[in-house]
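Structure assessment
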Amino acid sequence: ERGVAIEHGMLRRQIEGAQRKVESRNFDIRKQLLEYDNVANDQRKVVYHIRNEILDGETTSEDVGQIRKDVIAGVCDEFILPDTMEEEWDISGLEHTLAGEFGVSGVDIKGWLKADSNLDSEDIKQRIVDMVEAEYADKVSLVGAEGMAGFECNVMLNVIDQKWREHLAQMDNLRQGIHLRGYAQKNPKQEYKREAFGMFQTFMSDIYRTATRYLTSVRIQIAPAEEEMPVEHSDNTPPPPPAGGDEDYSIDALEARGIYITRNDPCPCGRGEKYKNCHGRLA
C-alpha cells in the first residue's frame, strides 16, 4: 500500500552495496584531487615564501642584481653556447635580443672580436654583463638606492602575481587531461608530478627574466623643476594695488587721463589680465 516501506533482505543488501560503491568512488575522487592539489600546494609554498621575503625587505638590491646577472648570462648562453666555435654563434640574434628585450644598446660583438681575436664566449658574456650593470648603476644614481629598491620590489611582486595566475591556469589544464596518459600505460599521477615540476621551473625562469626585462629596459627621466605659478585670486578678492602707489584705475579716472578702454581690454596696471578681471572689478 502507499506509504508502507518496502522491506526485503535482498533489496536491503543491494542498496547497502550500491551505497558502499558510491562512497568508495567518491573517496577515491577526493583522494586523487588531494594528491594533485598537494603538488600545487608545494609550489604555492615556494612562491609565497618568495613573496613574503620581498614584502619583509629580506630580498635586497644585491639579490635582484644577482638575478639580473644570471638572466643576462643565460641569454648569452642561448646564442653563444660555451665551448663552441665562433662560426656556431648567433651574434646578430644576441645583439637584437639584448637591444629589443632588455634595452641594452652599444653591444658590438663583431667589433670586439675584430679588436681582440682571443675573446672567447666567457669573455663576451662578462663584457655584456658589465655593460648591463654599468647602465643600471647610472639609473640608480638618478633616483637613489632607496628609490630604486622600492621600484624593484614593486616590479618583482607584480610579475610574480601575474605569472602565478597564468601558471595556475596551466596546471589546471594539465590536470584535466592527464588521465589520458593511462591509455599509454603510464601512471597519470606520476606524469602529472613530472610535468608540473618542469612547468614550475619554466615559471620561475620566466619570472626572473620578465622582471629583469622591466628593470633593465626602464627609462628614467628627471622632471624639470616646477615653475612658480601665478597667484590666482578669487572673484571676491580684489587684486593688489599696483606697485609704486595707490593709483586710481576706475573708468572715470582713466578717461580723465585720456585713456579709453573696454572691459575686455588689457588692464592699464600692466598685470596682463583683462580689465574686467582685474581693476575693472572695483569699478
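Predicted model only: the values in this text are computed from it and were never measured.

Description of the overall build of the protein
Scanning the protein from terminus to terminus reveals 8 helices and 0 strands. When its helices and strands are written in sequence order, the protein yields α-α-α-α-α-α-α-α. Relative to its full complement of 283 residues, the protein shows a buried share of 28%. Contacts in the protein between residues at least 24 apart in sequence constitute 64% of all its contacts with a sequence separation of at least 6. With the model as given, the accessible surface of the protein reaches about 19200 Å², and the carbon-plus-sulfur share is 51%.

Overview of helix 6 (residues 145-177)
Each α-helix turn comprises 3.6 residues. Residues three or four places apart therefore point the same way. Here helix 6 is 33 residues long and its end C-alpha atoms lie 48 Å apart, about the 48 Å a rise of 1.5 Å per residue gives. All of the buried residues in helix 6 are Met148, Glu152, Val155, Met156, Leu157, Val159, Ile160, Lys163, Trp164, His167, Met171 and Leu174.

Observations regarding the packing of aromatic side chains
Tallied over the entire structure, the rule returns 2 aromatic pairs. On the numbers, 5.7 Å between centres and 55° between planes, the contact of Trp164 with Phe203 is tilted. Taken as a pair, Trp164 in helix 6 and Phe203 in helix 7 (residues 188-217) lie far apart in primary sequence, 39 residues in all. Judged by its relative accessible area of 8%, Trp164 falls in the buried class. Measuring from ring centre to ring centre gives 5.6 Å for Phe200 and Phe203, while their planes differ by 40°; the resulting arrangement is tilted. In this pair, Phe200 and Phe203 are both assigned in helix 7, 3 residues apart and thus about one turn of the helix distant. Take Phe200: its relative accessible area is 14%, and that puts it in the buried class.

A look at the nonpolar core
Leu94, Leu98, Ile109, Ile124 and Ile128 are the most contacted members of the largest nonpolar core, which totals 40 residues. Aside from chain neighbours lying at most four places away, what touches Ile128 is Ile72, Cys76, Leu94, Leu98, Val107, Ile109 and Trp112. Tyr36, Val39, Met171 and Tyr192 belong to the second-largest nonpolar core, a separate cluster that totals 9 residues.

Cut-offs applied
- Residues numbered from 1 in each chain as written.
- Predicted model: local features only at pLDDT ≥ 70, side-chain atom pairs only at ≥ 80, totals over all residues.
- Heavy atoms only, no water.
- Helix = DSSP H or I, 4+ residues; strand = E, 2+ residues; numbered from the N terminus.
- Buried < 20%, exposed > 50% of the residue type's maximum accessible area, 1.4 Å probe, protein only.
- Contact = heavy atoms within 4.5 Å.
- Areas by Shrake-Rupley, 256 points an atom, 1.4 Å probe, with all protein chains shown as cover.
- Expected span 1.5 Å × (residues − 1).
- Phe/Tyr/Trp six-rings, centres within 6.5 Å; stacked < 30°, edge-to-face > 60°.
- Core = buried A, V, L, I, M, F, W, Y, C linked by side-chain atoms within 4.5 Å.

Function cannot be inferred from these measures alone, as they are strictly geometric.
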